[in-house]
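# Summary of structural features
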Amino acid sequence: MPDAKAKFLDPVQYIKGVGPKRAEVLKTVGVETAIDLLRYFPRRWIDRSNITPFSDLKEGDQVSAVGRVATHGILRGRRNVFEVLLSDGKDYLTLTWFKGHRFLKNRFKRDDLIAVSGTVTHFNGPQIVHPEFEFLASEDDTDALIHSGRIIPLYHTTAELKTVGLESRRFRQIIKTALDIYAPSIDDYLPDQLLKDNRLLPLKDALIGIHFPENQKQLTMARERLIFDEMFLLELKLAISRQTLKKDRKPHSYSAPSRLLTDFYKSLPFTLTKDQNKAIAQILEDMQRSSPMHRLLMGDVGSGKTIVALASMIFAVENGLQAAIMVPTELLAEQHDRTISGMTKKLGIKTELLTGSVSDKRSRCERIASGKVDIVTGTHALFSEGIEFKNLALAVIDEQHRFGVNQRLRFKRKGRHADLLVMTATPIPRSLALTAYGDLDLTVIRNLPPGRKPVTTAWRTEDNKSKAYEFIRSECEKGRQAFVVFPLVEDSEKMDLQSAVTAYENLRDNIFPELRIGLIHGRMSAEERDRISKGFRDGAFDILVTTTVIEVGIDIPNASVMLIENAERFGLSQLHQLRGRIGRGPEKSYCILISSADPSETAVERLSAIVSSSNGFDIAETDLRLRGPGEFLGSRQHGLPEFKLADIVRDSAILEVARKCAFDIVSKKTKLTTEEIKKLRDEAVSLYGRSSLFLTSG
Ligand code: ADP
Ligand code: MG
């Protein structure tokens, strides 16, 4: 069917029941063509064979129920309450709204059949407050066939859609019409063998099944196929982009590791762990290849990623090339520079620090451009206009999630096809590594260096704070040091800063008058922060009060206690990061989380997770589950598409399969016919543009 494809691009307006007015509004939800409409998937389904009778509604249950309107109206005497009384023939269910009366008032008629869902409470019988609701057609309606099947699709309908009559019921009608016209000519773009091997429904059946499933099994199969598609097409793009990168050729080359690296290993005050050695081996192997490395190194806080990066940088230096490491803050840049220069000076390696605030930036830049410097540590300054390297061959990015995609790219482009090593501050769940960072090779450091004592973590409420203070006092009397951390959230930065300063003064003047207390916060100058943290490191203070700037900061082995105020306001990974600052010395360490007496439900989950686990990989999984991928990755560009149906956490098994299929096709491990390649490529091009043309046959 030559023009079947073109037909799917028919404007949606010409489908019976749509018309120009509705078509205009459909645009607002991204539906412009026939195929868009078929891909306007239901948001939920109500299975009528699985409806809870009103008599079985229990407090706290999440339910779907169906009934007819018995009465409705604004409650007399309780001016602001709108209620609808539903009957299922035997019992009653009350629906209650505290707002939106004007909108609701004229919507319900006696005997309307509606489906509702929400959480059941009890107030003179079962009640659902602010339910989701949906008008159903009566059984004797002309379109009974589509509306009274056992499983009813419910569509996302905005207020605007509703004003032109586009409620779920209408969607069911027009989608049914569209399926009748177009479904017969839907041609699957996935190869038959792939469908068979992975037990996937053909696209046509999946599109019918997602809208009008005959039973639960069909719905499940349809969803699986469409979820597979979303993930497969993403992975196909990643596989192609990786293959494209591998076509580049580095201008420089490497000889096998030799003296400088051996001397470096010998100079270390500890032996590397097995995982560190393995990571270095993988990276050095990449560096010796002719195409540039793109590798993500991930490991828990304190797992020793810096040394791994440093060994790789020394390998570059050994081959007469330059290396640079970029970090998100000046504090961290200074610390890394100290560590790196301290460890490499005796090897004759020249290092340089480059941040926005160094005073002699010009001369530093000159040294870098002329090749007098081997290893550069810096902040965003590293990729600014005026910076040039003589021969940057290895670009390392620490705490990569703090940089945007473009920033990473601009840094890498300071070299010619430089090798790229990106490192994470905390582990990223595998499902995210395969999607958001799916075009990178992955190295994981699983184990911490030996001798780390796990930090004991306790969670207390505000009213127990004085006990926590006493504990801090007793530790300090033994010569230890403590952190007290306050949240500093961007939206309420000013207030947070204020309260941290006030709390600091209170600790200093009233609670610990006999101890020495320092304060660090993000509004201080870099020098001031550095002066205080150095003071703390050298024992000039017993307690350091900070906002979250220590998150990516100081290494102070003598600090054995951390008290985190308003712990419910921190993210899970952030708490884990913070806690990673203690437990670095020989003494047993303690982390005390202080929260209000009544934190939110997810805050309780976060705090319980941090108390019960010290494993960054487990914590990252929980964090991802609680916050979702977008939040987890942060507000910066992360390149992860919005899936309609797929959820990378819930559907991680499908993700693994989809990735393997895509990568096998691109690497030609899976052999396809020219025709099959063409169909796949057309689909990819329509989604991602011409860059997908790399998917070649032959
Ligand atoms: P992260 O992975 O969080 O960046 P770092 O690289 O800062 O961790 O290392 C944390 C600490 O562990 C540093 O003080 C470092 O010197 C130390 N360290 C690294 N590797 C080892 C090892 N193999 N044995 C003992 N200590 C190590
Ligand atoms: Mg680090």
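Computed from a prediction, not measured in an experiment: that's the story for all the values here.

## Some remarks on the overall build of the protein
- Along the backbone of the protein there are 25 helices and 21 strands.
- Each of the three principal axes of the protein carries a C-alpha extent, and together these read 90 × 75 × 40 Å.
- Buried residues in the protein amount to 53% of all 698 residues.
- Contacts in the protein between residues at least 24 apart in sequence constitute 73% of all its contacts with a sequence separation of at least 6.
- Here the protein displays about 32,700 Å² of accessible surface, and carbon together with sulfur accounts for 50% of that area.
- One finds the centroid of the 102 positive side-chain charges in the protein at a distance of 3 Å from the centroid of its 92 negative side-chain charges.

## Description of the state of the cysteines
- Considering all chains together, one arrives at zero disulfides under this definition.
- Lacking any disulfide linkage, Cys476 is separated from the closest cysteine sulfur, that of Cys591, by 15 Å.
- On the accessibility criterion, Cys476 (8% relative accessible area) is buried.

## Focus: the environment of Leu626
- Along the chain, Leu626 turns up in helix α23 (residues 616–633).
- Remark: the alpha-carbon pair of Leu626 and Ala603, spanning 23 residues in sequence, is separated by 9.7 Å.
- Apart from the residues within four sequence positions on either side, Leu626 is in contact with Leu572, Thr602, Glu605 and Arg606.

## As for the side chain of Asp286
- In this structure, Asp286 sits in helix α12 (residues 274–287).
- Setting aside residues up to four positions removed in sequence, Asp286 forms contacts with Lys250, Ser291, Met293, Arg295 and Asp419.

## Digging into the nonpolar core
- Judged by nonpolar contacts, the single largest core of 99 residues is most densely connected at Leu37, Phe171, Phe228, Phe232 and Leu432.
- Contacts of Phe228, omitting those with residues within four sequence positions, involve Leu190, Leu194, Leu200, Ile654, Val657, Ala658 and Cys661.
- If you look at the next biggest cluster of nonpolar residues, it comprises 42 residues, including Met287, Met293, Met343 and Leu353.

## Points about helix α24 (residues 652–666)
- Spanning 15 residues, α24 covers 21 Å between terminal C-alpha atoms, matching the ideal 21 Å at 1.5 Å per step.
- In the stretch just after α24, Lys668 is the one whose phi turns positive, near 70°.

## Section: the pairing of strand β2 (residues 62–74)
- Across seven bridges, the pairing between β2 and strand β5 (residues 113–122) is antiparallel. Bridge pairing in β5 places Gln62 opposite Thr119.
- With six bridges connecting them, β2 and strand β3 (residues 82–87) associate as antiparallel partners. Note on β3: the bridge partner recorded for Gly73 is Glu83.

## Side note on the confidence of the model for the protein
- Chain-level statistics for the protein give a pLDDT mean of 87 and a share of 92% at 70 or above.
- Considering only residues more than four positions removed or in separate chains, one finds that residues 139–145, a stretch of pLDDT under 50, has eight contacts.

## Here we look at the sheet that holds strand β11 (residues 351–354)
- What the seven strands build is an open sheet, ordered β11-β12-β10-β13-β14-β9-β15; its pairing is parallel. Whereas interior strands pair on both sides, the edge strands pair on one side only; in this sheet they are β11 and β15 (441–445). For this sheet, the mean angle separating the axes of adjacent strands, direction not counted, is 20°.
- Bridging between β11 and strand β12 (residues 375–378) involves four bridges; their strand directions are parallel. What sits directly across from Glu352, in β12, is Val376.
- On top of the sheet, helix α16 (residues 405–412) reaches β9 (294–299), β10 (322–326), β13 (392–397) and β14 (419–423); it is set at about 155° to β13, its chief contact.

## Structural notes on unusual backbone geometry
- Even without a glycine there, the phi angle at Asn566 is positive, about 45°.
- Summarising the element assignment, Asn566 is placed in the loop between β20 (559–564) and α21 (572–579).
- The exposure class assigned to Asn566 is partly exposed, which follows from its relative accessible area of 25%.
- Here Lys668, not a glycine, exhibits a phi torsion of approximately 70°, which is positive.
- For Lys668, a relative accessible area of 30% gives the class partly exposed.

## Quick look at the sheet that holds β20
- The strand order across the open sheet built from six strands is β16-β21-β20-β17-β19-β18, with neighbouring strands paired in parallel fashion. Unpaired on one side and paired on the other, β16 (456–461) and β18 (517–520) mark the two borders of the sheet. Taking each pair of neighbouring strands and ignoring which way they run, the sheet shows an average axis angle of 20°.
- For strand β17 (residues 481–485) and β20, the ladder comprises five bridges, and the chain directions are parallel. In the strand pairing of β20, Phe483 is matched with Met562.
- Seen against the sheet, helix α18 (residues 465–477) touches β16, β17, β19 (543–546), β20 and β21 (590–595) and runs at an angle of roughly 165° to β20.
- Its contacts with the sheet place α21 against β16, β17, β20 and β21, and it is angled at close to 155° to β20.

## Topic: the packing of aromatic side chains
- Taken as a whole and judged by the stated rule, the model has 14 aromatic pairs.
- Judged by centre distance (4.9 Å) and plane angle (20°), the rings of Tyr40 and Phe171 are stacked. Linking Tyr40 in the loop between α3 (34–38) and β1 (44–47) with Phe171 in helix α7 (residues 168–182), this pair joins segments that are 131 residues apart in sequence. Accessibility assignment for this pair places Tyr40 and Phe171 in one class, buried.

## Thoughts on the packing of helix α11 (residues 259–267) against helix α13 (residues 305–318)
- At a closest axis distance of 8 Å, the pairing of α11 and α13 adopts a crossing angle of 150°. Taken together, the axes of α11 and α13 are roughly antiparallel relative to one another. Once α11 is placed against α13, the crossing between them reads as right-handed. Touching Arg259, Leu260, Leu261, Phe264 and Tyr265 of α11 are Ile307, Leu310, Ala311, Ile314, Phe315, Val317 and Glu318, all from α13.

## Structural notes on the pattern of salt bridges
- Throughout the structure, instances matching the rule amount to 34 salt bridges.
- Two residues, Arg289 and Asp286, come together in a salt bridge whose shortest N-O distance is 3.6 Å.
- For Arg289, a relative accessible area of 43% corresponds to the partly exposed category.
- Residue Arg367 pairs with Glu352 through a salt bridge whose shortest N-O separation is 2.8 Å. Residue Arg367 is located in helix α15 (residues 361–370), and its partner Glu352 is located in strand β11; the two are separated by 15 residues in the primary sequence.
- Under the relative-accessibility criterion, Arg367 is labelled partly exposed at 31%.
- We classify Glu352 as buried; its relative accessible area is 8%.
- Salt bridges sharing common partners tie together Glu285, Asp286, Arg289 and Arg295.

Rules used throughout
- Residues numbered from 1 in each chain as written.
- Chains lettered and ligands numbered in written order.
- Predicted model: local features only at pLDDT ≥ 70, side-chain atom pairs only at ≥ 80, totals over all residues.
- Heavy atoms only, no water.
- Helix = DSSP H or I, 4+ residues; strand = E, 2+ residues; numbered from the N terminus.
- Buried < 20%, exposed > 50% of the residue type's maximum accessible area, 1.4 Å probe, protein only.
- Contact = heavy atoms within 4.5 Å.
- Areas by Shrake-Rupley, 256 points an atom, 1.4 Å probe, with all protein chains shown as cover.
- Lys, Arg positive; Asp, Glu negative; His and termini not counted.
- Charge placed at Lys NZ, Arg CZ, Asp CG, Glu CD.
- Disulfide = S-S within 2.5 Å.
- Core = buried A, V, L, I, M, F, W, Y, C linked by side-chain atoms within 4.5 Å.
- Expected span 1.5 Å × (residues − 1).
- Pairing = 2+ DSSP bridges.
- pLDDT = per-residue confidence, 0-100.
- Axes fitted to C-alpha atoms, helices over the stretch in contact; angles between N-to-C directions.
- Phe/Tyr/Trp six-rings, centres within 6.5 Å; stacked < 30°, edge-to-face > 60°.
- Parallel < 35°, antiparallel > 145°, perpendicular 65-115°, else oblique.
- Left-handed = near helix turned anticlockwise from the far one by under 90°.
- Salt bridge = Lys/Arg side-chain N within 4 Å of Asp/Glu carboxyl O.

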